[in-house]
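Observations on chain architecture
One letter stands for each residue in the lines below.
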Amino acid sequence: MNEPCPCCSGLQYSLCCQPWLAGLAHPATPEQLMRSRYSAWVNQDASYLIATWHPSCQPETYRPSITASFSQTVWQDLTVISQEAGRHENEGFVTFFARFSENQRRGVIHERSRFLREEERWYYIDGTVPALGRNDACPCGSGKKYKKCCAT
């Protein structure tokens, strides 16, 4: 199939996130892992999300809430804002903006995610919400002020 990848990379799914979700390879960068995790949310793949969450976070405990969210959430799009190196070669950050609807209501996630690499494999560890003022440019890429776009 030539369907576009859910991660909004502009690539075909088969050439982007599908090999990672199928377990054929592991993402080589934090951004690739972040995009593949977004695709896993879209494809309702709880096992992939849990497998790519750092083991210290005890991700299996989140399985019930993850799977419960699948029936209520529709992911709409993803914008990767930046990728940055961490304090050492095994740490990286990806700032992103994702839109979704949940129970017929619009929602957004704006996060600076932290990733750690162990044994040549990247894992999601945690994230923070970047500071954003109402008059700042909206991180969704619309060109509008945040207050006139996704903050509404």
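Anyway, here's the lowdown on the structure attached to this text. Model, not experiment: these values are computed from the prediction. (Residues numbered from 1 in each chain as written. Predicted model: local features only at pLDDT ≥ 70, side-chain atom pairs only at ≥ 80, totals over all residues. Heavy atoms only, no water.)

1. With respect to the packing of aromatic side chains
As enumerated under the stated definition, the model contains 7 aromatic pairs in all. With a centroid separation of 6.0 Å and 75 degrees between ring planes, the pair formed by tryptophan 41 and phenylalanine 70 is classed as edge-to-face. A residue pair is termed long-range when its members are at least 10 positions apart, and tryptophan 41 in helix H2 (residues 30–42) and phenylalanine 70 in helix H4 (residues 63–70) qualify at 29 residues. Classification of tryptophan 41 as partly exposed rests on a relative accessible area of 23%. The class for phenylalanine 70 is buried, based on a relative accessible area of 10%. On the numbers, 6.1 Å between centres and 50 degrees between planes, the contact of tryptophan 41 with tryptophan 75 is tilted. Here tryptophan 41, found in helix H2, pairs with tryptophan 75, found in strand E1 (residues 73–85); they are 34 residues apart in sequence, far enough to count as distant. (Phe/Tyr/Trp six-rings, centres within 6.5 Å; stacked < 30°, edge-to-face > 60°. Helix = DSSP H or I, 4+ residues; strand = E, 2+ residues; numbered from the N terminus. Buried < 20%, exposed > 50% of the residue type's maximum accessible area, 1.4 Å probe, protein only.)

2. Overview of the pattern of salt bridges
For the structure on display, the rule yields 7 salt bridges. When the shortest N-O distance is used, the salt bridge between arginine 87 and glutamate 91 registers 3.0 Å. For arginine 87, a relative accessible area of 71% translates into the label exposed. Judged by its relative accessible area of 3%, glutamate 91 falls in the buried class. A salt bridge links arginine 114 to aspartate 126; the nearest nitrogen and oxygen atoms lie 2.9 Å apart. Linking arginine 114 in strand E3 (residues 105–118) with aspartate 126 in strand E4 (residues 121–128), this pair joins segments that are 12 residues apart in sequence. The network of salt bridges with shared partners includes Arg87, Glu91, Arg114 and Asp126. (Salt bridge = Lys/Arg side-chain N within 4 Å of Asp/Glu carboxyl O.)

3. Some words on the layout of surface pockets
Of the pockets and cavities examined, the largest pocket occupies roughly 350 Å³. What lines the largest pocket is a set of 16 residues, and nearest its centre among them are Arg37, Trp41, Phe96, Ile109 and Glu111. For the lining of the largest pocket, a count of residues per class yields 12 nonpolar, 2 polar and 2 charged. (1 Å grid on protein atoms, 1.4 Å probe; cavity = no way out; pocket = protein on both sides within 12 Å on 5 of 7 lines; lining within 4 Å. Points joined across faces, edges and corners; volume = space filled by probe spheres on them. Nonpolar A, V, L, I, M, F, W, Y, C, P; charged D, E, K, R; others polar.)

4. Observations regarding the side chain of serine 36
Looking at the element boundaries, serine 36 is found in helix H2. What makes serine 36 buried here is its relative accessible area of 0%.

5. Digging into the nonpolar core
Among the nonpolar cores identified, the biggest contains 30 residues, and Cys7, Cys17, Ile66, Leu78 and Phe115 are the most heavily contacted of them. Sorting the residues of this core by element identifies helix H1 (18–21), H2, helix H3 (46–51), H4, E1, strand E2 (91–102), E3 and E4 as the ones contributing at least two each. Apart from the residues within four sequence positions on either side, leucine 78 is in contact with Cys7, Cys8, Met34, Arg35, Tyr38, Phe96, Phe97 and Ala98. (Core = buried A, V, L, I, M, F, W, Y, C linked by side-chain atoms within 4.5 Å. Contact = heavy atoms within 4.5 Å.)

6. Description of the sheet that holds E4
The sheet built from 4 strands is open, its strands ordered E1-E2-E3-E4 with antiparallel pairing. With partners counted over all chains shown, the strands left at the sheet margins are E1 and E4, one partner each. Each adjacent strand pair in this sheet contributes to an overall mean axis angle of 30 degrees, direction not counted. Where E2 lies against E3, 12 bridges are found, and the strand directions are antiparallel. (Pairing = 2+ DSSP bridges. Axes fitted to C-alpha atoms, helices over the stretch in contact; angles between N-to-C directions.)

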